[in-house]
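Letter by letter, the chains look like this.
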Amino acid sequence: MNNPLGSFFIVLGLILNFFGCIGLIRFPDVYTRLQSSAKCVMLGTCAILLGLFMFKGFTAAGIKALLCIVFIALTTPVSVHALAKGAFRSGVKPWDGSVADEYVKDIIKKR
Amino acid sequence: MISYILTYFIWFLVWILLTWPPTPKNLITGLVAAYLVSLFKMDIFRSPENKSRPGAEKNKGPASYIKKIPWFLYYVVVLLYECVKANIDVAFRVMHPDVPVRPGTVKVRTGLKSDAGLTFLANSVTLTSGAATVDVNREKGCLYVHLLYIKDGLDASAVNIPAINKFEKILENIFE
Amino acid sequence: MSKFKRVRYYTGILSVVIFVAAVLLLPLPSALRWQSDFLGRSLLWLLGVLFLCLSRILIGPGAANRAAAINMLGILIVGFCAILSIATGRDWYMDIGIAWALQSFIGIVAISKYLEGKDFDE
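Remember, it's a predicted structure, so these values are computed and weren't measured experimentally.

## With respect to the interface of chain B and chain C
Thinking step 1. Each side of the interface is counted separately: chain B has five residues, and chain C has four residues.
Thinking step 2. Note on chain B versus chain C: buried area summed over both sides is about 350 Å², and carbon and sulfur give 75% of it.
Thinking step 3. Along the contact surface separating chain B from chain C lie zero salt bridges.
Thinking step 4. Run the count over chain B and chain C and you get one residue pair in polar contact (both at pLDDT 80 or more).
Thinking step 5. By residue class, the composition of the side of chain B that touches chain C is three nonpolar, one polar and one charged.

## Examining the pattern of salt bridges
Thinking step 1. If you walk through the whole model with that rule in mind, you get eight salt bridges over all chains.
Thinking step 2. A:Arg89 is paired through a salt bridge with B:Asp135; the nearest N and O atoms lie 3.6 Å apart. In this pair, A:Arg89 is assigned in helix α3 (residues 60-89) and B:Asp135 in strand β2 (residues 131-137), connecting two distinct chains. Per residue, the accessibility class of A:Arg89 equals that of B:Asp135, and both read buried.
Thinking step 3. Counted as one network, the salt bridges with shared partners bring together A:Lys85, A:Arg89, B:Asp135 and C:Glu116.

## A closer look at the interface of chain A and chain C
Thinking step 1. Taken together, the contact pairs 52 residues of chain A with 45 residues of chain C.
Thinking step 2. Together chain A and chain C conceal approximately 4,400 Å² of surface at their shared face, both sides included; 78% is due to carbon and sulfur atoms.
Thinking step 3. Among the salt bridges present, the one from C:Glu116 reaches A:Arg89, with a minimum N-O distance of 4.0 Å.
Thinking step 4. The interface formed by chain A and chain C contains seven residue pairs in polar contact (both at pLDDT 80 or more).
Thinking step 5. Counting only elements with at least two residues in the side of chain A that touches chain C, the list comes to α1 (4-26), α2 (30-56), α3 and α4 (102-110) of chain A.
Thinking step 6. For the side of chain A that touches chain C, the element with the most residues is α3(A), which contributes 19 residues.

## Some remarks on the confidence of the model for chain C
Thinking step 1. For chain C, mean pLDDT is 86; residues scoring 70 or higher make up 95% of the total.
Thinking step 2. At the level of chain-chain contacts, confidence expressed as ipTM amounts to 0.87, with global pTM at 0.88.

## Topic: the environment of A:Ala73
Thinking step 1. Here A:Ala73 shows up in helix α3.
Thinking step 2. Expressed as a C-alpha distance, the spacing of A:Ala73 and A:Pro4, which sit 69 residues apart in the sequence, is 25 Å.
Thinking step 3. Among all residues touching A:Ala73, those that are not within four sequence positions of it are A:Met42 and B:Leu127.

## Points about the side chain of B:Thr105
Thinking step 1. Among the secondary structure elements, B:Thr105 is positioned in strand β1 (residues 104-109).
Thinking step 2. Contacts of B:Thr105, omitting those with residues within four sequence positions, involve A:Phe88, A:Ala100, A:Asp101, A:Glu102, A:Tyr103, B:Val134, B:Val145 and B:His146.

## Here we look at helix α1 (residues 2-18) of chain B
Residues and elements named next belong to chain B.
Thinking step 1. End to end, α1 covers 24 Å across 17 residues, agreeing with the expected 24 Å (1.5 Å per residue, within 8%).
Thinking step 2. Among all positions in α1, only Ser3, Tyr4, Thr7, Tyr8, Phe12 and Ile16 are buried.
Thinking step 3. Residues of α1 that are buried make contact with α2 (24-40).

## Let's talk about the packing of α3(A) against α1(B)
Thinking step 1. Contact geometry of α3(A) with α1(B) gives a least axis separation of 8 Å together with a crossing angle of 135 degrees. Taken together, the axes of α3(A) and α1(B) lie oblique to each other. Contacts between α3(A) and α1(B) involve A:Ile63, A:Lys64 and A:Leu67 from the former and B:Val14, B:Leu17 and B:Leu18 from the latter.

## A short note on helix α3 (residues 62-88) of chain C
Residues and elements named next belong to chain C.
Thinking step 1. Taking 1.5 Å of rise per residue, the 27 residues of α3 would be expected to cover 39 Å, and the 39 Å separating its terminal C-alpha atoms lies within 8% of that figure.
Thinking step 2. Burial of α3 is extensive: 22 of the 27 residues sit out of reach of the surface.
Thinking step 3. Phi turns positive one or two residues past the end of α3, at Gly89, with a value near 75 degrees.

Rules used in this analysis
Residues numbered from 1 in each chain as written. Chains lettered and ligands numbered in written order. Predicted model: local features only at pLDDT ≥ 70, side-chain atom pairs only at ≥ 80, totals over all residues. Heavy atoms only, no water. Contact = heavy atoms within 4.5 Å. Buried area = accessible area lost by both parts, 1.4 Å probe. Salt bridge = Lys/Arg side-chain N within 4 Å of Asp/Glu carboxyl O. Polar contact = N/O pair within 3.5 Å; in protein donor to acceptor, adjacent residues only side chain to side chain. Nonpolar A, V, L, I, M, F, W, Y, C, P; charged D, E, K, R; others polar. Helix = DSSP H or I, 4+ residues; strand = E, 2+ residues; numbered from the N terminus. Buried < 20%, exposed > 50% of the residue type's maximum accessible area, 1.4 Å probe, protein only. pLDDT = per-residue confidence, 0-100. Expected span 1.5 Å × (residues − 1). Axes fitted to C-alpha atoms, helices over the stretch in contact; angles between N-to-C directions. Parallel < 35°, antiparallel > 145°, perpendicular 65-115°, else oblique.

Structure follows, in structure tokens:
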């Protein structure tokens, strides 16, 4: 391809997305799945959008890609801990091999 | 007043970036639209709790904002570095034959008090180093953090993680 | 590690290798043949990743797993839109991407609020 830096970022993003979704399948319970997928898929999609910016430069699509990077980097952690809190409150039990669960202890203590 | 002007310019900047080739038609529409939005969202940069807190007044003025910019750039660099490190860690754990995880939720004490500081701390903890914030307890001043791998003999009610301490030290300079 | 787990692990590795080889070596369909092969093959790769996500939506026990997978699906589709925007040269694919990210974020927050409303019982 005629733009080596942009191609490099796109390939990096594709590989990170793949690792994130493998984590979504292999990890044992909801919370670990949320962690792996949030980290890897967030950075992977940001890398793909950065590759688009390298390809297009300062055109309409490139600027929108930069805005989208900021938006995704701000909202993905928020949705992840909204989901984790909702799963804990709705009674999804952690995995049997988990070591400590302070949060469940505190919720039960409150009620 | 300064909050109002800042809000107006930020919405105007977002409008320009969204409709990128800045022709006069787009710019005039943007002036009107940013004015209408900032009528509703005037108080986005000041929260009522922070005003009553002692020590909040001395951070006023444009000089303090300018002083925060290098700290913010340093924060972004540290965040990117930790994020890449966490991604390599997760990729290693995913491809290992028996998935080496020992998950669990622990408590992490924090000294931050302001809204924006706590939000940024929780978000950056979620993006880095095998941890995700679940909830914030504001009275006790602690975060409930879900860790991917807990080492042996770690006290679960008060955990010290070097990455989180680094972020806390930077965010204290920005938001407190 | 038990024998069953080992067999499952090697099957997984084999299927990953077959997937990578198929994406890299198979002749592209005529719909994906743009000015270079790279973008068409990366689009195929993303399609495979999307199917991994969809399988978690199918098998995941309970609502929380499915919501987590849907969250990831929403972010992956933004990347899909970005690659389509490079390949076809149309700028409005990024408009679709931004709108999709916003809608998926609002939807996920609403779903997690709904999950939170239920009671925590042992």
